[in-house]
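Chain and residue survey
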2 protein chains.
Amino acid sequence: MDGELSAGKLRGLMTLASGDGVFRMVAVDQRPPLFAALTRHDGRDPAGLSFDEVARAKALLTRTLAPHAGAILVDPVWTHPTALGGIPGRTAIISTLEDYGFEAVGGERRSRLIEGWDVAKIKRAGAAGVKLLAWYRPDVSEDTRRHQEALVERVGRACREHDIPFILELLVYPLPGEDADSADYQRRRPALVLGSVGRFADARFGVDVYKLEFPADLKRCRGFHGGAFDGRERPELFTLEDVRGMLTELDAITPAPWVLLSAGVGPEEFRADLSLAFDAGASGFLAGRAVWLEAFAAYPDVTEVEARLRSAAVPYLRALSAVASAARPWTAHRRFGGAPALEGGGQGWHRRYGA
Amino acid sequence: MDGELSAGKLRGLMTLASGDGVFRMVAVDQRPPLFAALTRHDGRDPAGLSFDEVARAKALLTRTLAPHAGAILVDPVWTHPTALGGIPGRTAIISTLEDYGFEAVGGERRSRLIEGWDVAKIKRAGAAGVKLLAWYRPDVSEDTRRHQEALVERVGRACREHDIPFILELLVYPLPGEDADSADYQRRRPALVLGSVGRFADARFGVDVYKLEFPADLKRCRGFHGGAFDGRERPELFTLEDVRGMLTELDAITPAPWVLLSAGVGPEEFRADLSLAFDAGASGFLAGRAVWLEAFAAYPDVTEVEARLRSAAVPYLRALSAVASAARPWTAHRRFGGAPALEGGGQGWHRRYGA
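Reference entry: report on the structure contained in this document. Just so we're clear, the structure is a prediction, and the values are computed from it rather than from any experiment.

A separate point is empty space enclosed by the protein. For the structure shown, the criterion picks out two cavities of 30 Å³ or more. When its volume is computed, the largest cavity comes out at roughly 330 Å³. What lines the largest cavity is a set of 27 residues, among which Gly126(A), Ala127(A), Gly126(B), Ala127(B) and Ala128(B) lie closest to the centre. Grouping the amino acids of the lining of the largest cavity by side-chain chemistry returns 12 nonpolar, nine polar and six charged. Volume-wise, the second largest cavity comes out at about 30 Å³.

Here it is, written out as structure tokens:
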């Protein structure tokens with residue numbers, strides 16, 4: 001029933017959130033972006049990276065950042081098996097389900113899952129949440145849409161079956177012939193983002209938390225387009241009021257608590273994105289590269305990477321956490337009418353539960 | 001393999017412990033002792049207590065104590081379904097498996113499980129540990145011993161199957177004709193306690209944490225026997241050196257980290273028990289009545305019970321937590337040779353795990 005949560009989902013969400021009901025989460029599950037960071041200095045083919053090279057970088061990220069986050073999103077291939085002991089008990093774990101490779105059909109992306117990994121294993125390993133990234137846009141072919149929707153629905157069902165929160169990440173992408181950096185694409189992106197979320201609002205997908213991208217590029221918004229974040233001037237495509245309107249709509253069509261992802265934006269831009277998202281009702285963040293990417297400019301000097309993570313990434317994460325005090329607690333989402341109730345709670349619950 | 005832990009058990013133990021590897025846990029799963037506390041003022045038959053009366057008391061205990069503990073032990077009948085929302089995400093949950101009723105055969109106790117509750121449901125609900133109390137003494141009939149050992153083995157197997165820490169509580173008890181308060185019984189109790197633990201040391205029981213009673217009555221120990229804890233003088237049965245020797249032996253025969261339970265001893269005595277146990281290698285406490293029973297003297301004035309919980313039980317719990325800084329971190333137990341390793345960790349773990 002809406003407004004109610006099963007015990008595992010309720011407990012999982014309480015574990016993922018801080019005491020004030022806000023999600024302050026960090027992602028270290030990235031694969032291609034980290035591979036790129038590890039090969040930038042020598043121009044190697046990322047395919048040549050060894051398991052140990054990647055695992056060591058992941059373990060470093062995990063042990064430096066996890067103590068400062070309410071939850072950490074890890075991948076099961078490199079991070080989970082090598083860095084589990086470095087995640088404090090009070091920092092919840094989310095595990096990634098999708099492979100970083102996807103099937104490209106005429107440029108349309110069809111996600112696939114990591115082979116040998118599934119929701120049952122995530123639950124078994126003691127994680128508090130399952131994350132699936134679904135590449136999406138509402139204007140792809142019926143076949144691609146069906147593929148992506150069937151996948152999300154299947155994962156949602158598995159999360160219900162194993163009673164663990166389902167965090168759905170949606171990302172739009174350029175099709176062949178589109179230039180992600182063009183004004184034309186950026187002008188259309190808000191509709192793609194909003195249209196995608198609308199598609200996955202249905203209860204049949206069983207999403208507990210939406211991990212969403214900021215719908216517009218703030219670097220193309222009046223007041224910021226002059227190069228506020230990266231020194232580069234761009235055509236003005238939106239006003240701040242436009243952006244606020246998009247966020248309000250995003251909040252209105254999202255049927256469960258949502259958090260902001262950082263994708264590739266820099267630290268200052270992400271902080272600005274976050275403030276706007278919190279004004280609109282976001283319940284926190286799940287931030288990745290905005291937190292840790294800059295430190296890897298020092299790679300392969302691992303000592304220096306660690307020093308930068310400690311001197312810059314950790315303080316930045318703390319700053320985001322402070323800003324997030326203005327977020328809407330997940331329990332205050334309209335879905336729960338004030339406070340989430342336990343599904344089937346009260347006398348006899350222990351017999352009914354999971355039976 | 002010994003020294004290694006599967007992912008769910010490793011994560012579960014890290015979640016149950018504080019950051020320093022010490023277990024600071026509180027138990028509110030008691031049933032007959034709480035029933036007694038709720039009927040003392042009017043002499044009612046505890047069987048006449050309504051679900052709501054018990055559930056309200058449990059919820060009060062949970063919301064006042066859980067924020068000050070690393071983990072809280074709850075029962076699935078009254079506490080879990082009514083107080084789940086009152087347990088902070090950073091406080092881990094342990095769920096009780098055994099019914100408070102047991103089958104008595106010639107005075108020998110044969111445990112039974114709560115009907116409609118099991119390890120699968122505990123894992124599903126997002127708890128971090130399973131607790132089973134087994135009444136035991138090494139000198140009971142073969143049938144009773146087999147019954148209890150088969151039960152523990154079965155639960156241990158289920159905990160492995162669902163990859164969740166198994167916390168085994170052992171309690172000795174007087175047989176017909178024995179007076180628990182007699183010098184004779186108390187003189188024999190250390191051997192009963194040590195003999196019981198020895199029985200369950202075998203790896204086939206799959207115990208991850210032992211929840212043990214203090215092997216000797218400190219009220220009958222030289223220096224305390226004059227009434228130090230309750231004003232009542234008793235014959236001196238042991239010296240402090242005797243008691244230290246028992247604890248050293250207890251630690252030596254316990255093949256995994258162990259914590260001290262408070263059973264019915266008062267707050268001051270439990271604090272003294274704890275210090276001695278930590279000297280011998282205990283990794284923390286799982287304390288119940290010593291923490292909360294005194295507050296219930298004010299029942300049915302619930303406002304006053306809550307005031308006493310806040311003014312006395314919480315500070316006491318904090319004091320225990322401070323004392324526990326002297327405990328041995330669970331990770332330092334000889335079982336792990338310094339640091340627990342992930343079973344099957346490294347490359348390919350995600351495929352092997354749980355397959």
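We now examine the environment of Phe205(A). Residues and elements named next belong to chain A. By the secondary structure assignment, Phe205 is in the loop between helix H7 (183-199) and strand S9 (209-212). Sequence separation between Phe205 and Val74 is 131 residues, and the spatial gap between their C-alpha atoms is 23 Å. Sequence-distant contacts of Phe205, that is, excluding residues within four places in its chain, are made with Glu149, Val152, Glu153, Gly156, Phe166, Arg199 and Phe200.

Okay, the relation of the copies chain B and chain A next. With an RMSD of 0.0 Å, chain B superimposes on chain A once it is rotated by 180° and translated 0.0 Å along the axis. Put plainly, the chains are arranged around a two-fold axis. Considering only C-alpha atoms, the part of chain B nearest the rotation axis is Arg90(B), at 2.5 Å. Both copies share a contact surface, since 100% of the interface residues of chain B are interface residues in chain A too.

So, on to the interface of chain B and chain A. Each partner contributes to the interface: chain B provides 43 residues, whereas chain A provides 43 residues. Between chain B and chain A, the buried area comes to about 3,600 Å², and carbon and sulfur atoms account for 60% of it. In terms of surface lost to chain A, no three residues of chain B exceed Arg11(B), Arg124(B) and His350(B), which account for 23% of the buried area on that side. Here chain B is connected to chain A by 23 residue pairs in polar contact (both at pLDDT 80 or more). Elements that contribute at least two residues to the side of chain B that touches chain A include exactly helix H1 (7-16), helix H4 (79-83), strand S4 (92-96), helix H5 (119-124), helix H6 (142-162) and helix H12 (349-352) of chain B.

Rules and cut-offs
- Residues numbered from 1 in each chain as written.
- Chains lettered and ligands numbered in written order.
- Predicted model: local features only at pLDDT ≥ 70, side-chain atom pairs only at ≥ 80, totals over all residues.
- Heavy atoms only, no water.
- 1 Å grid on protein atoms, 1.4 Å probe; cavity = no way out; pocket = protein on both sides within 12 Å on 5 of 7 lines; lining within 4 Å.
- Points joined across faces, edges and corners; volume = space filled by probe spheres on them.
- Nonpolar A, V, L, I, M, F, W, Y, C, P; charged D, E, K, R; others polar.
- Helix = DSSP H or I, 4+ residues; strand = E, 2+ residues; numbered from the N terminus.
- Contact = heavy atoms within 4.5 Å.
- Least-squares fit on C-alpha atoms with pLDDT ≥ 70 in both.
- Buried area = accessible area lost by both parts, 1.4 Å probe.
- Polar contact = N/O pair within 3.5 Å; in protein donor to acceptor, adjacent residues only side chain to side chain.

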